[in-house]
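# Coordinate analysis (summary)
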Amino acid sequence: MNNSVYLFEKPKNEPVYSYAPGTPEREALKAALDRQAAQEVEIPIIIGGKEYCTGDIGNVVMPHDHKHRLGTYHKAAEKEVQLAIDTALKARHDWSRLPWTERASIMMRIARLIATKYRYELNASLMLGQSKNPMQAEIDAPCELIDFLTFSAYYAGQIYSEQPLSDATMLNRMEYRGLEGFVFAVTPFNFTSIASNLNLAPAMMGNTTVWKPSSTSLYSNYLLMKIFKEAGLPDGVVNFVPGQGSTIGKVVTASESLAGFHFTGSTATFNSIWKSIASGIDRYRTYPRIVGETGGKNFVMVHPSADAQEVAVALLRGAFEYQGQKCSAASRAYIPRSMWEDVKSRLGDMLATVKMGDVREFDNFVNAVIDEASFDNLAAYIHRAKQSNDAEIVFGGACDKSVGYYVQPTVILAKTPNYETMCDELFGPVLTIYVYPDGEYAETLQLVDRTAKYGLTGSIFSYDRYATELALQTLEHAAGNFYINDKPTGAVVGQQPFGGSRASGTNDKAGGPINLLKWCSPRCIKETYTPPTDYTYPFLK
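Residues numbered from 1 in each chain as written. Predicted model: local features only at pLDDT ≥ 70, side-chain atom pairs only at ≥ 80, totals over all residues. Heavy atoms only, no water.

In the nomenclature of an unreviewed UniProt entry, the protein corresponds to L-glutamate gamma-semialdehyde dehydrogenase from the organism Porphyromonas endodontalis. The UniProt entry for the protein carries this comment under Catalytic activity (unreviewed entry): "L-glutamate 5-semialdehyde + NAD(+) + H2O = L-glutamate + NADH + 2 H(+)". The protein has a UniProt comment under Pathway (unreviewed entry) that states "Amino-acid degradation; L-proline degradation into L-glutamate; L-glutamate from L-proline: step 2/2." (UniProt positions renumbered as here; feature names shortened; annotations may be inferred.)

### Some remarks on the sheet that holds strand E13 (residues 330-336)
Ordered in space as E14-E17-E18-E13-E12-E20-E21, the 7 strands form an open sheet in which the pairing is mixed. The open sheet has two edge strands with one neighbour each: strand E14 (391-395) and strand E21 (481-484). Taken pair by pair, the neighbouring strands of this sheet meet at an average axis angle of 20°, ignoring direction. Here strand E17 (residues 410-414) runs beside strand E18 (residues 430-436); their pairing, made up of 5 bridges, is parallel. Bridge assignment links Leu-413 to a residue of E18, and that residue is Ile-433. Across the sheet, helix H12 (residues 372-387) is in contact with E14, E17 and E18; its angle to E14 comes to roughly 110°. Strand contacts of helix H14 (residues 441-451): strand E12 (298-302), E13, E18 and strand E20 (457-461), with the helix running at about 165° to E13, the strand carrying the most contacts. (Pairing = 2+ DSSP bridges. Helix = DSSP H or I, 4+ residues; strand = E, 2+ residues; numbered from the N terminus. Axes fitted to C-alpha atoms, helices over the stretch in contact; angles between N-to-C directions. Contact = heavy atoms within 4.5 Å.)

### Side note on the domain arrangement of the protein
Domains assigned within the protein are domain 1 (25-62 + 77-294 + 505-525) and domain 2 (299-484). Centre-to-centre, using C-alpha coordinates, domain 1 lies 32 Å away from domain 2. Each partner contributes residues to the interface: domain 1 has 25 residues there, and domain 2 has 20 residues. Summed over both sides, the interface between domain 1 and domain 2 buries roughly 2,000 Å², with carbon and sulfur atoms accounting for 61% of that surface. Contact with domain 2 buries area across many residues of domain 1, yet Ser-131, Gln-136 and Phe-189 alone supply 25% of it, more than any other trio. (Domains from an automatic or database assignment. Buried area = accessible area lost by both parts, 1.4 Å probe.)

### Here's the deal with the nonpolar core
Grouped together as the largest cluster of nonpolar side chains are 72 residues, with contacts concentrated most on Ile-110, Leu-200 and Met-205. The element contributing the most residues to this core is helix H5 (residues 134-161), with 13 residues. Contacts of Met-205, omitting those with residues within four sequence positions, involve Arg-103, Ala-156, Ile-159, Tyr-160, Arg-177, Gly-178, Leu-516, Trp-519 and Cys-520. In terms of nonpolar packing, the next biggest core, distinct from the first, is built from 33 residues, Tyr-334, Ala-414, Tyr-434 and Val-448 among them. (Core = buried A, V, L, I, M, F, W, Y, C linked by side-chain atoms within 4.5 Å. Buried < 20%, exposed > 50% of the residue type's maximum accessible area, 1.4 Å probe, protein only.)

### Things to note about the packing of helix H1 (residues 24-37) against helix H4 (residues 119-130)
Running from amino to carboxyl end, H1 crosses H4 at an angle of 60°, the nearest separation of the two axes being 8 Å. Regarding the angle of H1 to H4, the classification is oblique. By crossing handedness, the relation of H1 to H4 is classed as right-handed. On H4, the residues that touch Glu-25, Ala-28, Leu-29, Ala-32, Leu-33, Arg-35, Gln-36 and Ala-37 of H1 are Tyr-120, Glu-121, Asn-123, Ala-124, Ser-125, Met-127 and Leu-128. When its residues are assigned to classes, the contact of H1 with H4 shows 9 nonpolar, 3 polar and 3 charged. (Parallel < 35°, antiparallel > 145°, perpendicular 65-115°, else oblique. Left-handed = near helix turned anticlockwise from the far one by under 90°. Nonpolar A, V, L, I, M, F, W, Y, C, P; charged D, E, K, R; others polar.)

### Here's the deal with H12
The first and last C-alpha atoms of H12 sit 22 Å apart over 16 residues, in line with the 22 Å expected at 1.5 Å per residue. The secondary structure elements touched by the buried residues of H12 are E14, strand E15 (399-400), strand E16 (406-407), E17, helix H13 (420-423) and E18. (Expected span 1.5 Å × (residues − 1).)

### Overview of the sheet that holds strand E5 (residues 65-74)
One open sheet accounts for 3 strands, arranged E1-E5-E4; its pairing is mixed. Strand pairing shows two members of the sheet lacking a second neighbour, strand E1 (41-43) and strand E4 (57-62), which therefore form its edges. Each adjacent strand pair in this sheet contributes to an overall mean axis angle of 40°, direction not counted.

### Looking at the environment of Gly-178
Turning to its location among the elements, Gly-178 is positioned in strand E6 (residues 170-178). Residue classification places Gly-178 among the buried residues on the basis of a relative accessible area of 13%. Beyond its immediate chain neighbours, meaning those up to four positions away, Gly-178 contacts Arg-92, Met-205, Gly-206, Asn-207, Trp-519 and Ser-521.

### Overview of the UniProt feature "active site" (unreviewed entry) in the protein
The positions UniProt marks with the feature "active site" (unreviewed entry) are Glu-293. The residue Glu-293 is located in strand E11 (residues 289-293) in this model. Under the relative-accessibility criterion, Glu-293 is labelled buried at 10%. Apart from residues no more than four positions distant in its own chain, Glu-293 is found in contact with Phe-263, Thr-264, Gly-265, Cys-327, Leu-456, Phe-498, Ser-504 and Gly-505.

### Points about a nonpolar patch on the surface
Judged by side-chain polarity, Tyr-535, Tyr-537, Phe-539 and Leu-540 come together as a nonpolar surface patch covering roughly 570 Å² of accessible area. Considering the arrangement of structural elements, one finds Tyr-535 in the segment after strand E23 (520-528). The exposure class of Tyr-535 is exposed, given its relative accessible area of 69%. (Patch = residues over 30% accessible without salt bridge, like charges linked within 9 Å, V, L, I, M, F, W, Y side chains within 5 Å. Areas by Shrake-Rupley, 256 points an atom, 1.4 Å probe, with all protein chains shown as cover. Salt bridge = Lys/Arg side-chain N within 4 Å of Asp/Glu carboxyl O.)

### Observations regarding the side chain of Ser-462
Along the polypeptide, Ser-462 turns up in the loop between E20 and helix H15 (465-474). Within polar-contact distance, the side chain of Ser-462 engages the side chain of Ser-305 at 3.4 Å. For Ser-462, the contacting residues outside a window of four places in its chain are His-303, Ser-305, Ala-306, Ala-467, Thr-468 and Asn-485. (Polar contact = N/O pair within 3.5 Å; in protein donor to acceptor, adjacent residues only side chain to side chain.)

### Focus: helix H10 (residues 308-320)
Because each turn of an α-helix spans 3.6 residues, side chains separated by three or four positions in sequence point in the same direction. The end-to-end C-alpha distance of H10, which contains 13 residues, comes to 18 Å, matching closely the 18 Å that a straight helix rising 1.5 Å per residue would cover. Those residues of H10 that sit buried are Ala-308, Val-311, Ala-312, Ala-314, Leu-315, Leu-316, Gly-318, Ala-319 and Phe-320. Between the side-chain oxygen at the start of H10 and the backbone nitrogen of Gln-309 there is a gap of 3.0 Å, and the oxygen is on Asp-307. Two residues or fewer past H10, Tyr-322 is found with a positive phi of approximately 50°.

### Thoughts on the packing of aromatic side chains
Under the counting rule described, the total for this entry stands at 18 aromatic pairs. For the pair Tyr-6 and Phe-8, a centre-to-centre distance of 5.0 Å together with 90° between the ring planes defines the contact as edge-to-face. In this structure Phe-8 comes out as buried when scored by relative accessible area, which is 16%. Considering the side-chain rings of Phe-151 and Tyr-155, the 6.1 Å spacing of their centres and the 35° angle between planes classify their relative orientation as tilted. Taken together, the positions of Phe-151 and Tyr-155, both in helix H5 and 4 residues apart, correspond to about one turn of that helix. An aromatic cluster is present here, built from Tyr-6, Phe-8, Trp-100, Tyr-160 and Tyr-176 joined pairwise through their rings. (Phe/Tyr/Trp six-rings, centres within 6.5 Å; stacked < 30°, edge-to-face > 60°.)

Here is the structure:
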C-alpha cells in the first residue's frame, strides 16, 4: 500500500555533450557507430512484449549511404493491429491502477538508462538511421528525450496534487483517470525524442498505446522499445506496430475503444485521420482526444536595426541544421533592401565552408535528407526555381542521390512574395528570401502573417523595441513559438514549450502540463458529512 504523497523536484535539462576532438564522448560515439554499421538487425512487431514476424519485409537503410542496409522490418497486417488494440486494452486495467509514482519511477529509470548505458548506442542509431550529425543526434536523443521523461514526472505530480476546495461540511477530491480506451500514437522520423514522448506522455497518465512508428526511424525506435523493456515498462503498455499507415489507421479508427490520437507529422496526414475519426464519431465509447503537431512554414523577419552577422548565422543554422527537416526550421525570410547585400555576402561566405557528407565524418555539418521521396520532391522545387522568372538560386541548388540523398543547402531569392517556395512546406535544406523596401516594414509584417496557412514558429531580428513590439502584435497568431533575435528552432523542454496552431496543430505544448492533461479524464468526488434531512429552504418559510 502506498499512502505517501510525493512530488518530484523540478528537474534541470540534460547536459549536452560537445563531441569535440579529444573528448571521451567523441571516441565512445565513434565506437558505437562502428559497431552498429557492421551489423544488420531484424525488427519485429512487438505486441504485449512478444515479437511477431509477418514476412512482409521492408528495408532500413542509411540515408547518406542508401546501399548500406542496417536491417529489415516486418510490416503489420490488420490482424496484428487488432491484436495490438486488444493487448493495449487488457494492459490498461493494471497500468492505470498503478500508483502514479510507480509509473513515474519507470519513466525516470528509462531516462537514466538513456543518459548512461545507452547514450552512445541511441545517439549512433539516430545518426546512422536518420542521418543526423553528432550535435543534432545529441540534442534529440538522449537530451530532449530525457527532458521529456523527467519533466513529465514533475508536471504529473503538480497535476495530481491540484485539488478542489472543501469545507467543514464536505470533502471534495479530484481523481485524474486515464482515458477509457487506448491511445493511438503516430510518430515522425525526424525526432526520436518525439517518438518516445508521444507514447510515454499518455502512459505517464495511466494510458496504454498502439504505436505506429515512421518507417524511416525504425532503427532508433526499435532500440527504444528494448530500453523500455529493460527499464521495467510492463508488457502491453506500448505496442510497437510498424507498417503501412493506411492499413493501421483503418483498423484503429474503426475501434470503438479509440480514446486518443497523439500525432506528429504532416498536416495532410493529420487531417485525413481526424476526418476518419469524425466520420465515425458515433461508434466511439468516448470522444477521442486529438493532439497533433503538424506542418510549418516558419519565418525570419528582419528589421533594418538588426545585426547582419547575427541574421546570417541564424539563417544558416535555422534553415540547414538537420537538413531543414525540423517542424520549426527557418523556411522563409524577409530582409530589408538596405541589408540584403551585407547579409547575402556573410551568408555566402559561411556556406562556402559548410561540408556535406556521411555522418561518420564529424566535420560534415550537413548530411542526407531522409529518403528518395523527400529528395525527389526537393529536387523538383529547386529545378522549377532554376527555370522560373520569379525566383533565383542564390546559393546551392545541387542535388545528387547516387550514393546518398544529398541536397545542397539552397538559398532562393523570390522576386514575388507569393512564389511557391515562400508558401509551401518543403521540409528540406531550402531557404527562400524575399527582399522588401525598408519603408514597408509594417506592410511586410502583414504579408508574413497571411502568406502561409501555418502558425508554428517564427522570429524577429530587431534592436528597435517599437518595431519588435509591432511584430509581436501583428504576428500574434502566426507562431506558437516566437523568438526575438534568435533562430526559430531549438525549443528546449521546460524553457520554450513547443507547439503551434492554424495548420500547424492543436498547440498543446509537448513536454508540459497542457499536453499531459489531455491524457487524463478527471473525476470529481464529493462526500457530504451530514446530508440534509429536510427538503425545505429558508426562503420557503
